[in-house]
Amino acid sequence: MTEHSVPPGGANQLRKNSLGVGAVTFLVVSAAAPLTAVAGGVPLSMMLGNGPGIPLTFAFVTTVLLLFAIGYVAMARHISNAGAFYAYTAQGLGGLAGGAAALVAILAYNAMQIGVFGLFGAATAGFLAGYGLDLPWWVWTYIGIALVAVFGYRRVDFSARVLAVLVVLEYLVVLVIDAAILVKGGDSGLSAAPFTPSAFFSGTPAIGILFCFAAFIGFEATTIYSEEAREPEKTVPRATYISVLIIGLFYMLTSWLMVNGAGVDKLVPEIQGLADPTTFLFGLADRYVGGGITTIMSILFITSLFAGVVAFHNGVARYLYVAGREGLLPRALGVTHPVFQSPHAGSVVQTVIAVAVVALFAFTGQDPVLALFSWLTNVGTLAIILLMALTAFSIVAFFGRNPGLEGNRVVTTVLPVLTGLILLALVFYIATNFGALAGAEGALAVFLPGLVLIAAIIGLLCALRLKAGDAGAFARLGVRREV
């Protein structure tokens, strides 16, 4: 297969040249929800994983993702398609694999967005109940869904501007806490012990690695915006590297200072002694900063979740749009708004799905955090890491057929194979330990990760149907879109 391209689709196309490096970076960093990760994910990774070794674990994961990004952005220079993982898989491993990847991606980002909505509703309800406004979690979740629907329907640069403000505020409040711990020297002086091999291999490193990978979910979405970016062959690679470095360095620094804030030897017992481990960072903020900063953090924690669901919604809408445009799903999904040039049909479908799933969990009395958030975000994490693994091997296959496009075999073969194997090992670990990781029991521990396989089979069948009905369209799956 050689590199192909298709011309722009006239009026029915995403808004061209609307996003620069900064805008794309903010869109994907907001999906990683940095405040949510350090307040919620990091304490849990320390308690269940390798404790004070989490800073070095973040360094390891950052390195792996940077190595993955080298081949990823090399492929991005030759394929500008909002289908991202789907497009790369189709062009690397073929249309049938691409069809499977498309439906897995749609499942992944739906699961991430709807799962985070559960935590958003619970956090908002808990915060406002303290001020006398006591409403069920699902009321706030539905308000959030309505707001996100407006963002998804409008121009993407509108979302980017709002998310930029929210993300900057998230980083600032955490950096204030970081600076306070740094200046005051932590619990008993600043220690480099968290960056030693003994700390890394303490506890259960596999769980620590998994949590750290999950904290980066969203960075890979830079390529989703390739059709809307200015000079995508430059913007997407730059935004990808910047996103990984910003997220990785921020997590490394903050987790190191969190360890020192509690004390290396006191860290795990302190977190284990909390009724809710996610209050650990708030406790450090009170201890080292004070002055009502925890109230500000509570508000920004909610806006962090909101920024995340907006970013995931944008991702789902674009995958649905591309799948409709290229014939895998009904063509009605593959249209853009005549004014906003947004994938409005995909946005509406995603909103309907979110409304239905939240209704199911609310009606059956499921916990918005322990069930809706935990179950679905773990399904999404499993699916996204699988997509990354498929993409890594797609890079090898694509450049193997097109050796003239990139001459460096380390970039096109060695690094993709290495990172692909690491990612496959993570997929296996999550799938075989899903019940323990997600808090799902019995049949649910099999059914929930099985959703990924079901989505892949549906995608494969959709691709087979397209191949039988329109061989030309099947051959064009995932091709470069002229921008």
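Here the structure is a predicted model, which means the values were calculated and not measured. (Residues numbered from 1 in each chain as written. Predicted model: local features only at pLDDT ≥ 70, side-chain atom pairs only at ≥ 80, totals over all residues. Heavy atoms only, no water.)

1. Some details on the overall build of the protein
For the protein, the count of helices and strands is 19 helices and two strands. Its C-alpha radius of gyration of 22 Å places the protein within 12% of the 23 Å reference for a compact globule of 483 residues. Over its C-alpha atoms, taken along the principal directions, the protein stretches across nearly 65 × 50 × 45 Å. For the protein, contacts bridging at least 24 residues in sequence account for 84% of all contacts bridging at least 6. A total accessible area of about 17,200 Å² is found for the protein, and carbon and sulfur atoms account for 71% of it. With 22 positive and 21 negative side-chain charges, the protein shows a separation of 12 Å between the mean positions of the two kinds. (Helix = DSSP H or I, 4+ residues; strand = E, 2+ residues; numbered from the N terminus. Rg over C-alpha atoms; globule rule 2.2 N^0.38 Å. Contact = heavy atoms within 4.5 Å. Areas by Shrake-Rupley, 256 points an atom, 1.4 Å probe, with all protein chains shown as cover. Lys, Arg positive; Asp, Glu negative; His and termini not counted. Charge placed at Lys NZ, Arg CZ, Asp CG, Glu CD.)

2. Comments concerning helix α5 (residues 95-129)
Counted at 1.5 Å a residue, the expected span for α5 with its 35 residues is 51 Å, and the 51 Å between its end C-alpha atoms agrees. With 28 of 35 residues buried, α5 lies mostly within the body of the structure. (Expected span 1.5 Å × (residues − 1). Buried < 20%, exposed > 50% of the residue type's maximum accessible area, 1.4 Å probe, protein only.)

3. Details of the packing of helix α3 (residues 54-76) against helix α15 (residues 368-401)
Any two packed helices are characterised by how steeply their axes cross, that is the angle between the axes, and by the distance between the axes. Close contact between α3 and α15 brings their axes to 10 Å; oriented N to C, the two are set at 50 degrees. On the basis of their axis angle, the class for α3 and α15 is oblique. Where α3 crosses over α15, the two elements pack in a sense that is left-handed. In this structure, α3 contributes Leu65, Phe68, Gly71, Tyr72, Ala74 and Met75 to the contact, and α15 contributes Met388, Thr391, Ala392, Ser394, Ile395, Phe398 and Phe399. Of the residues assigned to the contact of α3 with α15, the class counts are ten nonpolar, three polar and no charged. (Axes fitted to C-alpha atoms, helices over the stretch in contact; angles between N-to-C directions. Parallel < 35°, antiparallel > 145°, perpendicular 65-115°, else oblique. Left-handed = near helix turned anticlockwise from the far one by under 90°. Nonpolar A, V, L, I, M, F, W, Y, C, P; charged D, E, K, R; others polar.)

4. Topic: the packing of aromatic side chains
Tallied over the entire structure, the rule returns 18 aromatic pairs. Here phenylalanine 58 and phenylalanine 216 contribute two aromatic rings whose centre-to-centre distance is 6.5 Å and whose plane-to-plane angle is 55 degrees, an arrangement assigned as tilted. Remark: phenylalanine 216 occurs in the loop between α9 (205-215) and α10 (232-262) and phenylalanine 58 occurs in helix α3; sequence separation between them is 158 residues. Residue phenylalanine 58 is classed as buried on the basis of its relative accessible area, which comes to 1%. With relative accessibility at 1%, the residue phenylalanine 216 sits in the buried group. (Phe/Tyr/Trp six-rings, centres within 6.5 Å; stacked < 30°, edge-to-face > 60°.)

5. Concerning the nonpolar core
A general trend in soluble globular proteins is that nonpolar side chains are found buried together. Counting 155 residues, the largest nonpolar core has Phe58, Tyr86, Phe213, Phe216, Tyr251, Tyr319 and Leu328 as the members making the most contacts within it. Not counting chain neighbours up to four residues away, the residues in contact with phenylalanine 58 comprise Val42, Cys212, Ala215, Phe216, Tyr251, Met252 and Ser255. (Core = buried A, V, L, I, M, F, W, Y, C linked by side-chain atoms within 4.5 Å.)

6. Quick word on the pattern of salt bridges
In this structure the tally under the stated criterion is four salt bridges. With a shortest N-O distance of 2.7 Å, aspartate 187 and arginine 287 are connected by a salt bridge. Taken together, the positions of aspartate 187 in the loop between α7 (156-184) and α8 (197-200) and arginine 287 in helix α12 (residues 280-288) put the pair 100 residues apart, joining distant regions of the chain. Overall, aspartate 187 belongs to the partly exposed group, its relative accessible area being 23%. Across the pair arginine 325 and glutamate 326 runs a salt bridge, and its minimum N-O distance is 3.5 Å. Under the relative-accessibility criterion, glutamate 326 is labelled buried at 7%. Several salt bridges share partner residues, and in doing so they unite Asp187, Lys266 and Arg287 into one network. (Salt bridge = Lys/Arg side-chain N within 4 Å of Asp/Glu carboxyl O.)

7. Description of the packing of α9 against helix α16 (residues 409-432)
Between α9 and α16, the shortest axis-to-axis distance is 11 Å and the interhelical angle comes to 110 degrees. Overall, the two elements α9 and α16 adopt an arrangement that is roughly perpendicular. Touching Ala206, Ile207, Ile209, Leu210 and Phe213 of α9 are Leu423, Leu426, Tyr429 and Ile430, all from α16. Among the residues forming the contact of α9 with α16, the class breakdown is nine nonpolar, no polar and no charged.

8. Concerning the side chain of histidine 313
Relative to the helices and strands, histidine 313 resides in helix α13 (residues 293-325). Once residues lying within four places of it in the same chain are set aside, the contact partners of histidine 313 are Gln113, Val148, Gly152, Ser347, Gln350 and Thr351.

9. Remarks on the environment of threonine 279
When you line up the elements, threonine 279 lands in the loop between α11 (267-272) and α12. It is 9.9 Å that separates the C-alpha atoms of threonine 279 and threonine 294, two residues lying 15 residues apart in sequence.

10. Notes on the environment of leucine 305
Along the chain, the position of leucine 305 falls in helix α13. On the basis of relative accessible area, leucine 305 is assigned to the buried category, the value being 1%. Setting aside anything within four residues of it in sequence, one finds leucine 305 in contact with Thr36, Val116, Leu119, Phe120 and Ala123.

11. Things to note about a nonpolar patch on the surface
The grouping of Leu453, Ile457, Leu460, Leu461 and Leu464 at the surface amounts to a nonpolar patch, some 440 Å² of accessible area in total. Position of leucine 461 among the secondary structure elements: in helix α18 (residues 444-469). (Patch = residues over 30% accessible without salt bridge, like charges linked within 9 Å, V, L, I, M, F, W, Y side chains within 5 Å.)

12. Digging into α18
Given a rise of 1.5 Å per residue, 26 residues ought to cover 38 Å, and the 37 Å separating the end C-alpha atoms of α18 matches this to within 8%. At glycine 450, α18 shows its largest bend, some 35 degrees. (Bend = angle between axes of the 7 residues up to and from the residue.)

13. Overview of the confidence of the model for the protein
For the protein, per-residue confidence averages 89 on the pLDDT scale, and residues scoring 70 or more make up 93% of the total. Contacts from residues 5-10, a stretch scored under 50 in pLDDT, to residues over four places away or in other chains number twelve contacts. (pLDDT = per-residue confidence, 0-100.)

14. Points about the side chain of glutamine 113
Within the element layout of this structure, glutamine 113 appears in helix α5. A relative accessible area of 1% means that glutamine 113 is categorised as buried.

15. Notes on the environment of leucine 169
Summarising the element assignment, leucine 169 is placed in helix α7. Judged by relative accessible area, leucine 169 falls into the partly exposed class, the value being 37%.

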